[in-house]
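# Structural description and commentary
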Amino acid sequence: MMRATELAHLLMRQSLKAGDRVIDATTGNGHDTLLLAELVGPTGRVFGFDVQEEALASTARRVDGLPQVTLIHAGHETLAEHLRANGQDRLAAAMFNLGYLPGAPKDIMTRTETTLAGLQQALAHLATQGIVTLVLYPGHPGGAEEAAAVRSYTRGLNEDFAVTRYARINASAPAPELLVIERLH
Ligand SMILES: C[S@@+](CC[C@H](N)C(=O)[O-])C[C@H]1O[C@@H](n2cnc3c(N)ncnc32)[C@H](O)[C@@H]1O
């Protein structure tokens with residue numbers, strides 16, 4: 001079975017091109033940031049957000065000075081403010097990988113309220129045909145509630161957006177899932 005994170009990568013590979021502006025809303029260990037940086041190339045921009053110094057340091061090591069990456073030590077709920085400050089408007093993509101940093105204390109994790117605020121801001125800046133991916137972890141403590149809130153929010157989006165859910169439905173425990181939001185108009 002393809003993992004939710006792998007499928008998100010595949011979709012980004014298909015959607016992005018050199019020069020695009022994109023967001024990694026949760027840089028963590030930087031796997032998504034590195035992929036985004038490779039896809040948008042030196043003429044593009046990747047804005048990466050995380051609330052943990054440790055995550056940003058790990059991401060910085062992984063992207064090893066690529067000039068198209070700007071790492072921001074702040075929550076994704078402030079992304080609109082940072083895009084404005086950087087003179088950026090339209091985004092080709094945003095990736096959210098929710099939950100906690102693997103290997104770090106689990107008390108720092110994404111929270112429903114800030115996740116929804118960040119998502120709302122990313123969608124407000126999303127270009128036509130742009131995509132947002134969200135990897136949800138309903139099996140983590142607090143993750144089921146957060147996943148339910150995100151699904152419920154996306155169900156209420158108007159028809160400018162198409163929302164697709166990729167989730168395993170025959171597992172004995174809740175498995176990670178992927179939500180994909182595409183701006184149609
Ligand atoms: C599952 S990890 C991300 C994994 C990462 N995308 C990768 O490829 O390695 C989730 C990250 O979200 C971060 N986080 C928690 N709350 C946040 C917030 N409000 N804004 C941005 N990042 C946040 C955590 O510090 C953690 O590093």
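Above this note sits the structure.
Residues numbered from 1 in each chain as written. Predicted model: local features only at pLDDT ≥ 70, side-chain atom pairs only at ≥ 80, totals over all residues. Heavy atoms only, no water.

### Some words on the packing of helix α2 (residues 31–40) against helix α3 (residues 53–63)
Close contact between α2 and α3 brings their axes to 9 Å; oriented N to C, the two are set at 35 degrees. Judged by the sense of rotation from one axis to the other, the crossing of α2 with α3 is right-handed. For the pair α2 and α3, the contacting residues are H31, T33 and L34 in the first and T59, R62 and V63 in the second. Taken together, the residues of the contact of α2 with α3 break down into two nonpolar, three polar and one charged. (Axes fitted to C-alpha atoms, helices over the stretch in contact; angles between N-to-C directions. Helix = DSSP H or I, 4+ residues; strand = E, 2+ residues; numbered from the N terminus. Left-handed = near helix turned anticlockwise from the far one by under 90°. Contact = heavy atoms within 4.5 Å. Nonpolar A, V, L, I, M, F, W, Y, C, P; charged D, E, K, R; others polar.)

### Quick notes on the site of the ligand
In the region of the ligand, 23 residues are neighbours, and T26, N29, D50, Q52 and H76 sit closest. One nitrogen or oxygen atom from the side chain of H31 is found 3.1 Å from an oxygen atom belonging to the ligand. In this structure, D50 approaches the ligand through a side-chain N or O atom, which is 2.6 Å from an oxygen atom. Relative to its unbound accessible area of 610 Å², the ligand is 95% covered by the protein chains. (Near = heavy atom within 4 Å. Polar contact = N/O pair within 3.5 Å; in protein donor to acceptor, adjacent residues only side chain to side chain. Areas by Shrake-Rupley, 256 points an atom, 1.4 Å probe, with all protein chains shown as cover.)

### Describing α2
A large share of α2 lies buried, amounting to seven of its ten residues. D32, T33, L35, L36, A37, L39 and V40 are the residues of α2 that are buried. Each element contacted by the buried residues of α2 is listed here: α1 (4–15), β1 (21–24), β2 (45–50), α3, β3 (69–73) and β4 (91–97). Trailing α2 by a residue or two, G41 shows a phi angle of about 70 degrees, which is positive. (Buried < 20%, exposed > 50% of the residue type's maximum accessible area, 1.4 Å probe, protein only.)

### A closer look at the sheet that holds strand β6 (residues 161–166)
Judged by pairing direction, the sheet is mixed, and its seven strands sit side by side in the order β3-β2-β1-β4-β5-β7-β6 without closing on themselves. Only two strands of the sheet have a single neighbouring strand rather than two, namely β3 and β6. Direction aside, the axes of adjacent strands within the sheet are offset by 15 degrees on average. Sheet topology note: the β6/strand β7 (residues 177–183) ladder contains six bridges and is antiparallel. Pairing of V163 across the sheet is with I181, part of β7. Against the sheet, α3 engages β2 and β3, with an angle of about 170 degrees to β3. (Pairing = 2+ DSSP bridges.)

### Re helix α5 (residues 112–124)
Within an α-helix, residues lying three or four positions from one another point in the same direction, as the helix has 3.6 residues per turn. In this model, α5 (13 residues) spans 18 Å end to end at C-alpha, consistent with the 18 Å of a helix rising 1.5 Å per residue. Those residues of α5 that sit buried are T112, T115, G118, L119, Q121, A122 and L123. Contacts made by the buried residues of α5 are with α4 (79–85), β4, β5 (126–136), α6 (143–155), β6 and β7. (Expected span 1.5 Å × (residues − 1).)

### A short note on unusual backbone geometry
A positive phi angle, near 45 degrees, is found at D64, a position not held by glycine. Following the sequence through the fold, D64 ends up in the loop between α3 and β3. We classify D64 as exposed; its relative accessible area is 67%. Here Q129, not a glycine, exhibits a phi torsion of approximately 70 degrees, which is positive. The topology assignment puts Q129 in strand β5.

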